[in-house]
Amino acid sequence: MTDRPPYLIAALVAVIVLIGYILTLAPSVTFWDAGEFIATAKILGIPHPPGTPLFVMMGHVWGMLVPFGEFAWRTNLLSAVCGAAGAGLWFLVAYEALGGLVVRPGGRQGAVIRYGGAVSAAIVAAFGFTMWQNSNETEVYAIAVLTVAAVTWLALRWRAHRDTPAGPKMLLLALYLGGVSIGNHLLALLVGPALVTFLLVTLWRERHPDPAESRREWAEAAVVAGTWTLLIGAGLGNAGLLFLGGLLFGGALVLAVRAGATRFAVIALGLAAVGVTTYLFLFIRSGQQPYINEADPSTFRSLLAVIRREQYGFRSPLDDPTELHGPENPGRSLTLVGLQLLNYLQYFDWQWAKGVATTIGAFPLRTLVTLLFLSLGLRGMLAQREADRGSWWLLFTLFLTTGFGLVAYMNFEPGFSIGYQQYPDSTDHEVRERDYFFIASFLVWGVWAGMGLAALVRRLMLALGPRAWAGTVLFALAVLPFALNFTAASRKHGADARLAGDFAYNLLNSVPPYGVLFTFGDNDTFPLWWAQEVQGIRRDVTVVCLALAQTDWYMRQLRDNPARPFEPATAPAIWRQYPAGPVPDWRLHSMSNEDIANALPQYLPQDVTLRFGTHEVTLAQNTVLSPNDFLTIRVIQENLGRRPLAWGLAAAGKVYQLDHLIVQQGLGMRLLPEPPDTTSGRYDLRRMLSAPLDLPVTDSLIFGTYRYADLLARGARGLESTAASTAATLGIPFTQMAYAYLGQGDTAAAIRYLEPATRLSNNPAIKQMLDDLKTGR
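Described below are features of the structure shown in this document. (Residues numbered from 1 in each chain as written. Predicted model: local features only at pLDDT ≥ 70, side-chain atom pairs only at ≥ 80, totals over all residues. Heavy atoms only, no water.)

The secondary structure content of the protein chain amounts to 31 helices and 13 strands. Relative to the globule expectation of 28 Å for 777 residues, the C-alpha radius of gyration of the protein chain, 29 Å, shows essentially globular dimensions. When the backbone C-alpha atoms are referred to their principal axes, the protein chain occupies close to 95 × 65 × 55 Å. Expressed as a percentage of the 777 residues in the protein chain, the buried residues total 58%. Of the contacts formed within the protein chain by residues at least 6 apart in sequence, a portion of 72% connects residues at least 24 apart. With an accessible surface of roughly 31500 Å², the protein chain has 61% of that area assigned to carbon and sulfur atoms. Counting 59 positive and 57 negative side-chain charges, the protein chain places the averaged centre of each group 10 Å from the other. (Helix = DSSP H or I, 4+ residues; strand = E, 2+ residues; numbered from the N terminus. Rg over C-alpha atoms; globule rule 2.2 N^0.38 Å. Buried < 20%, exposed > 50% of the residue type's maximum accessible area, 1.4 Å probe, protein only. Contact = heavy atoms within 4.5 Å. Areas by Shrake-Rupley, 256 points an atom, 1.4 Å probe, with all protein chains shown as cover. Lys, Arg positive; Asp, Glu negative; His and termini not counted. Charge placed at Lys NZ, Arg CZ, Asp CG, Glu CD.)

The subject of this paragraph is the environment of Phe373. By the element assignment, Phe373 lies in helix 16 (residues 365–387). On the accessibility criterion, Phe373 (0% relative accessible area) is buried. Beyond its immediate stretch of four places on either side in the chain, Phe373 contacts Val124, Trp352, Trp445, Ala449, Leu477, Leu480 and Pro481.

On to a nonpolar patch on the surface, then. Taken together, the side chains of Ile360, Phe363, Leu368, Leu371, Leu374 and Leu378 define a hydrophobic patch exposed on the protein surface, amounting to about 490 Å² of accessible area. Here the nonpolar patch gets 4 residues from one element, more than from any other, and that element is helix 16. (Patch = residues over 30% accessible without salt bridge, like charges linked within 9 Å, V, L, I, M, F, W, Y side chains within 5 Å. Salt bridge = Lys/Arg side-chain N within 4 Å of Asp/Glu carboxyl O.)

Cis rather than trans, the peptide bond between Pro49 and Pro50 has omega equal to 10°. Checked against the element boundaries, Pro50 lands in the loop between helix 2 (34–43) and helix 3 (53–65). Backbone geometry at Arg309 places phi at a positive 60°, although glycine is not the residue there. For Arg309, the location among the structural elements is in the loop between helix 14 (300–308) and helix 15 (334–350).

Let us now look at the pattern of salt bridges. In this structure the tally under the stated criterion is 27 salt bridges. Between Glu220 and Arg216 there is a salt bridge, and its shortest N-O distance comes to 2.7 Å. One end of the pair, Glu220, and the other, Arg216, are both in helix 10 (residues 211–236), 4 residues apart, so they sit about a helical turn from each other. By relative accessible area, Glu220 is classed as buried at 4%. Across the pair Asp560 and Arg559 runs a salt bridge, and its minimum N-O distance is 2.8 Å. Salt bridges here are not isolated pairs; linked through shared partners, they connect Glu96, Arg157, Arg159 and Asp388.

On to the packing of aromatic side chains. All chains considered together, the criterion is met by 42 aromatic pairs. Where Phe412 meets Phe438, the ring centres are 6.3 Å apart and the plane angle is 90°; that geometry is what we call edge-to-face. You can see Phe412 sitting in the loop between helix 18 (404–410) and helix 19 (439–464) and its partner Phe438 sitting in the loop between helix 18 and helix 19, a full 26 residues away along the chain. Residue Phe412 shares its accessibility class with Phe438, and that shared class is buried. The lysine or arginine in question, Arg207, covers the ring of Trp204, its NZ or CZ lying 3.9 Å from the ring centre. (Phe/Tyr/Trp six-rings, centres within 6.5 Å; stacked < 30°, edge-to-face > 60°. Lys NZ or Arg CZ within 6 Å of the ring centre and 35° of its normal.)

Two numbers describe how helix 8 (residues 166–181) lies on helix 10: the axes approach to 10 Å, and their chain directions differ by 5°. Accordingly, the angle class assigned to the pair helix 8 and helix 10 is roughly parallel. Contacts between helix 8 and helix 10 involve Pro168, Leu171, Ala174, Leu175, Gly178 and Gly179 on the former and, on the latter, Arg216, Glu220, Val224, Thr227, Trp228 and Leu231. Split by residue class, the contact of helix 8 with helix 10 holds 7 nonpolar, 3 polar and 2 charged. (Axes fitted to C-alpha atoms, helices over the stretch in contact; angles between N-to-C directions. Parallel < 35°, antiparallel > 145°, perpendicular 65-115°, else oblique. Nonpolar A, V, L, I, M, F, W, Y, C, P; charged D, E, K, R; others polar.)

Our next topic: helix 2. Among the 10 residues of helix 2, 9 are classified as buried, and the element is accordingly described as predominantly covered. All of the buried residues in helix 2 are Ala34, Gly35, Glu36, Phe37, Ile38, Ala39, Thr40, Ala41 and Ile43. Lining the buried residues of helix 2 we find helix 3, helix 4 (71–97), helix 13 (280–287) and helix 22 (526–533).

On to the environment of Ile766, then. Within the fold, Ile766 resides in helix 31 (residues 764–775). Exposure remark for Ile766: the relative accessible area of 10% places this residue in the buried category. Note: C-alpha distance between Ile766 and Glu755 (11 residues apart in sequence) is 9.1 Å. Each residue touching Ile766, except ones within four places of it in the same chain, is listed here: Thr735, Leu754, Ala757, Thr758 and Ser761.

Another aspect to go through is the packing of helix 3 against helix 4. Relative orientation of the contacting elements helix 3 and helix 4 amounts to 115°, with a least axis distance of 9 Å. The angle between helix 3 and helix 4 places the two elements in the roughly perpendicular class. Crossing geometry of helix 3 relative to helix 4 is assigned as right-handed. Packed against helix 3, whose contacting residues are Met58, Gly59, Trp62 and Gly63, the element helix 4 presents Phe71, Arg74, Thr75, Leu77, Leu78 and Val81 at the interface. Partitioning the contact of helix 3 with helix 4 into residue classes produces 6 nonpolar, 3 polar and 1 charged. (Left-handed = near helix turned anticlockwise from the far one by under 90°.)

What follows is the structure in structure tokens.
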């Protein structure tokens, strides 16, 4: 196990994996956090807490160095490269662990087992569904698991070089990687317990014959444990863990001084501290007020709040996650624990054959593949334990920490797609699937599955001798995840490739020049940031995310960020015909810092009369107002009649008794200064969304302006939940137009609108309506 590692083969494995990732790489922005990350990487902005400063800086530099492809493709490629590099490292980890499993060390059969098993381990791990999905879009997880793989490999290199000056350097590098990883994602820190366990097991089982050297090694292991605890405390901003880490490091320092390892301890602490300094980027850059500056960490207090993730509230592992933390919380029940474990098993079932939806009778075929890789993983885990007990402890601890350990610690709400019988309210469920949190545990299982294949080939060779060469075909099973996950993991093929970007384009272009567009949350906001900051699309539109408008820092930024000019040359034709006028030179709202601080959730103590332009409304006593209500009211008061105001369909709803001023134009709900003339024939009054539908503008938008990825050609079937919901939203205006013309007795026009509606929506009622119109029923 101390022979020279085959780095060239590892590099070749990484290249093969990279090619596989590139074949499915998203060519543009994807949903959820990717739009925010791409935009902040482009402009050196500050994404959501904890700010991921390392990721932002890496993405910015990478985007400048790669000379081809649109910026989103470049940052997506960064994830692919990191994921592929991690696969090369997992190959080396498996190769090291399999050294004690070969039939004849140094012989041809032994090489086949060792290399075949290591390649299989890397391929299975790399093309597991969650790893693959996070390696073809702009996300933090590929870099995080690359760090995990690197620290795992460094641990094994430390063991191989214990008696040389290189040994301690491996541990120091691991500590630096742990420190710098805080600036990307805390997932990487979860390799710490595995590293410390491996050090302790190795020192216990393979004691150094020299007592002095043994004391030095134990002291260095103690320093690693203490420093890593400090890193976890720093990453969480947890004073208790920092205090514990300080105590542990202090004790380790005493041991190090007595063992002659003082220099190691000092350098270890220094390197870890240097790694953490990526957070200075947040402090410095935030003070320069970039256009995206989430949580505004420009002061020490706000920076600490970002590190602590105070914006999201607190939930302990003992809480019922569907209730707020506090003395009234009923606590985590066995039902919840059962659902959380079931959710993890559901995600495990996705890893090896997510693209397989067929069944044998009532039995899902995918489950057969899952059982195969479950068995291979168990066999590989046992084989590693037999061949290399120390590295087994390393991977076993990593698996427990990043798998069931995270299930216990994260304490998620019931999963997005399970548990509705016990928790029928969708607000008691996670807003999306959270499989990516457990990605490292799936990687470990993939490595074990590759080792399991090696163990099976070895058994055939031992039983049948030279005639067993045919048994090496078992290694071909390693490509099953690639083949069976390709369609499900791909972000390049189908509507998902461009849907998020096209949706952002459509939503921004639903409002006239200098419009103020209210959005709801991540998926109707982050892609818009990408469109504006990276693609330069409709920067004149001020996007107001109502979810973020619950925070004081966002209210201040909306006030202080200036309006940007309308660019007719790049705008769609529908808005080029309107006189844009000069750039608004007034602030979006005039709330002072004191006003913002006082905009707290409350019941109105009495009736309150508000004036919006020429209109007066009265909000009744005990009306509930949230911080974003105070902001929205002020924005309407100060901009109605001066700037176009609109809500995206996902954000539409609360308009403060101004319903009579709302009209729908495509995907936007426009607030007019005066009531629309509903007798002109321009509007349909069926009010599917409680507002008259502007027929000519909507027709121009949906046919002459909007983009639909390739949905109008291929349809919306087979899309994952977020994409399917977005596609259905794009279909709403078509359906409404069909109803409008059907009400006028124009069947041909209704059919013209229903045909694209059926491509965008999976609602069977729309399809049935179209069939009935075509057949005259």
